[in-house]
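Working through the structure, step by step
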Amino acid sequence: MYYMLLSIFFPILAGVFLLALREMKVRKNLLCLTGTFLILEAVLVILALCMSRGEMLLLFNLTDRLPILFKIDETGVIFAILAVVIFLCAGFFSFEYMKHEKSEKRYYGYYLIVLGVLIALCFAGNLITFYLFFELLTLSSMPLVLHNRSREAIMAGLKYLFYSLAGAYMALFGLYFIEKYGNTLTFSAGGVISTQTAEQHTALLLGIAFVMLIGFGVKAGMFPMHAWLTAAHPAAPAPASAVLSAVIVKAGVLAMVRVVYYIFGASFLRGTWVQKGWLVLTLITVFMGSMLAYREPVLKKRLAYSTISQVSYILFGLAVMDGDAVTGSFLHVLSHGFIKAALFLCAGTMIYMTGKTKVEELRGIGKEMPILLWCYTIVSLGLIGIPPTGGFISKWYLALGSLNSGIPGFGLAGPIVLLVSALLTAGYLLPVTIHGFLPGAEFDGNTSERREPSLFMLIPVIILTALTVAIGLFPNGIIAYLSRIITKIV
């Protein structure tokens with residue numbers, strides 16, 4: 001039980017320690033200290049997951065009715081593992097990438113704090129605990145966005161703050177009503193609203209549910225509150241963009257899972273206007289994000305639009321509220337996390353090595369960095385949904401669940417939109433591969449020397465690529481684990 005607390009507060013305290021520490025004259029000492037903290041945190045999380053027996057840990061009481069408590073459940077495990085893997089990979093990647101950035105100590109300090117806050121979100125046992133750390137996530141991650149303190153970064157950070165706080169306040173509005181009409185704020189599979197209360201206050205509770213979905217959907221980049229994402233991701237350093245896109249937006253996904261399946265309950269929302277409205281918003285976001293990514297010339301911004309689209313794949317499956325679709329959503333949480341982190345790290349490496357930021361400027365990059373571009377290509381195929389990658393398995397279950405759901409109009413519209421989005425995904429990702437390996441006649445005879453990035457940058461990308469393929473080749477264990485969750489909540 002105490003490993004749970006250590007896994008939450010150790011990285012937060014380690015981050016505060018780095019922020020309070022004097023500037024180190026030897027950069028290597030800072031990197032060794034940060035790397036040690038990251039590895040220790042990974043060990044603590046593994047111990048917490050292994051030693052957990054499902055007990056709740058009460059930290060303290062805000063009031064008599066608002067306890068701050070933690071509990072490790074199957075859903076939290078998925079998001080915690082994703083966070084640790086991505087933060088380890090992006091953290092070690094940053095040891096090389098951040099050479100050209102100033103104030104590295106500040107960056108690593110906030111980086112560790114954000115990791116601790118994310119683990120707290122994964123292990124939150126009730127809605128008030130989740131909300132407090134959800135707000136803290138915004139405040140602690142904003143310094144990563146505005147790290148270089150350029151005008152672009154500052155404006156992006158302010159936009160991120162405004163959107164995130166607006167969404168959180170919408171969620172807080174709903175929390176008041178849950179406290180009043182719910183049996184408890186503690187997450188319970190199937191929901192906490194009694195049948196009698198649901199029948200007496202149906203219209204009010206449905207309205208509150210929709211407001212909370214919009215509010216928490218801000219962090220997930222769901223239309224119409226998505227605009228912060230394409231400002232924040234390009235402005236942040238590449239490893240920060242990786243964790244923003246692969247993990248931090250998943251905090252919004254986790255929030256919506258908790259609200260729908262652990263507070264209101266799928267049985268209460270299924271077949272209502274809330275479900276249909278949510279489905280409409282997710283499909284709009286999927287198509288819009290893919291289309292805008294297809295038209296975007298700047299690589300990091302293109303990947304940011306892609307995140308808007310791909311995260312709404314997850315939200316679509318959750319909104320369908322079918323067992324197969326929800327399985328596909330959880331699989332895509334992992335697949336998209338590994339894929340998008342790898343893509344942003346690849347983009348960061350290309351920018352770091354060449355100084356080029358636009359897709360058209362990357363012609364011939366495969367001659368210089370073939371291993372990196374092969375990794376980029378493999379994870380791109382995963383995002384498109386081509387076997388044998390995890391993206392194919394997750395999208396298979398999403399389409400299957402949609403077709404089996406029997407929701408009028410959406411059962412067929414969902415797979416169609418997902419297929420169109422997949423084609424657009426191929427259109428905005430694969431040109432980097434095609435022009436990178438086959439740059440055209442003007443590059444024939446080009447004598448560019450091969451110059452792969454350092455191992456600090458290359459190994460994390462290779463690991464994430466391998467994980468993307470591993471999910472596609474060996475999905476049965478994960479699916480069996482997910483079935484235990486689906487049985488309880490759907």
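The shown structure was predicted, so the numbers you read here are calculated from the model rather than taken from an experiment.

Remark: a regular strand shows side chains that alternate across the two faces of the sheet. A large share of strand β2 (residues 66-70) lies buried, amounting to 5 of its 5 residues. Sheet topology places strand β1 (residues 57-63) next to β2; 5 bridges connect them, and they run antiparallel. Bridged to N61 within β2 is P67. The hairpin turn running from β1 into β2, its antiparallel successor, is 2 residues long.

Our focus in this paragraph is the packing of aromatic side chains. Under the defined criterion, the tally for this structure stands at 24 aromatic pairs. Ring centres 6.5 Å apart and planes at 75° place the aromatic pair F79 and F330 in the edge-to-face group. With a gap of 251 residues between them, F79 in helix α3 (residues 74-97) and F330 in helix α14 (residues 323-354) connect regions that are remote in the sequence. Both residues of the pair, F79 and F330, belong to the buried class. Look at F93 and Y97: their rings are 5.9 Å apart centre to centre, the planes differ by 25°, and that puts the pair in the stacked class.

Once that is clear, we can look at the pattern of salt bridges. Using the criterion set out here, one finds 5 salt bridges in the structure. Here D73 makes a salt bridge to R258, at a shortest N to O gap of 2.8 Å. Of the two residues, D73 sits in the loop between β2 and α3 while R258 sits in helix α10 (residues 238-264), which places them 185 residues apart along the sequence. Each member of the pair D73 and R258 is classed as buried. We note a salt bridge from E74 to K488, for which the minimum N-O separation is 2.8 Å. Of this pair, E74 sits in helix α3 while K488 sits in helix α20 (residues 476-489), and the two are 414 residues apart along the sequence.

Residues F287, L403, L412, I416 and V420 make up a contiguous nonpolar surface patch of roughly 450 Å² in combined accessible area. The dominant element in the nonpolar patch, judged by the number of residues it contributes, is helix α18 (residues 410-437), at 3 residues. Within the secondary structure layout, L403 lies in helix α17 (residues 390-405).

Conventions we followed
Within any chain, residue numbers begin from 1 and follow the written order of that chain's sequence. Whole-chain, interface and lining totals are the exception, using all residues; otherwise, since this is a predicted model, local features are given only for residues with pLDDT of at least 70 and side-chain atom pairs are given and counted only at 80 or more. Side-chain descriptors were evaluated using all non-hydrogen atoms of the structure, hydrogens and water having been removed beforehand. The buried label applies to any residue whose accessible area, calculated with a 1.4 Å probe on protein chains only, is under 20% of its type's maximum; exposed applies above 50%, and partly exposed to all values in between. A helix here means a DSSP run of H or I that spans at least four residues, while a strand means a run of E at least two residues long, and both kinds are numbered starting from the N terminus. A pair of strands is labelled paired if DSSP reports no fewer than 2 bridges between them. To pair, rings of Phe, Tyr and Trp, with the six-membered ring standing in for Trp, must have centres within 6.5 Å; the planes then decide the type, stacked if under 30 degrees apart, edge-to-face if over 60, and tilted in the middle. We define a salt bridge as a side-chain nitrogen of Lys or Arg found within 4 Å of a carboxyl oxygen belonging to Asp or Glu. Like-charged residues are merged into a patch within 9 Å and nonpolar side chains (Val, Leu, Ile, Met, Phe, Trp, Tyr) within 5 Å, provided each residue has over 30% relative accessible area and no salt bridge. Under the convention used here, a 1.4 Å probe and the Shrake-Rupley method define accessible areas, while residue burial counts only the protein chains that appear.

Bear in mind that shape data such as this cannot, by itself, settle questions of function.
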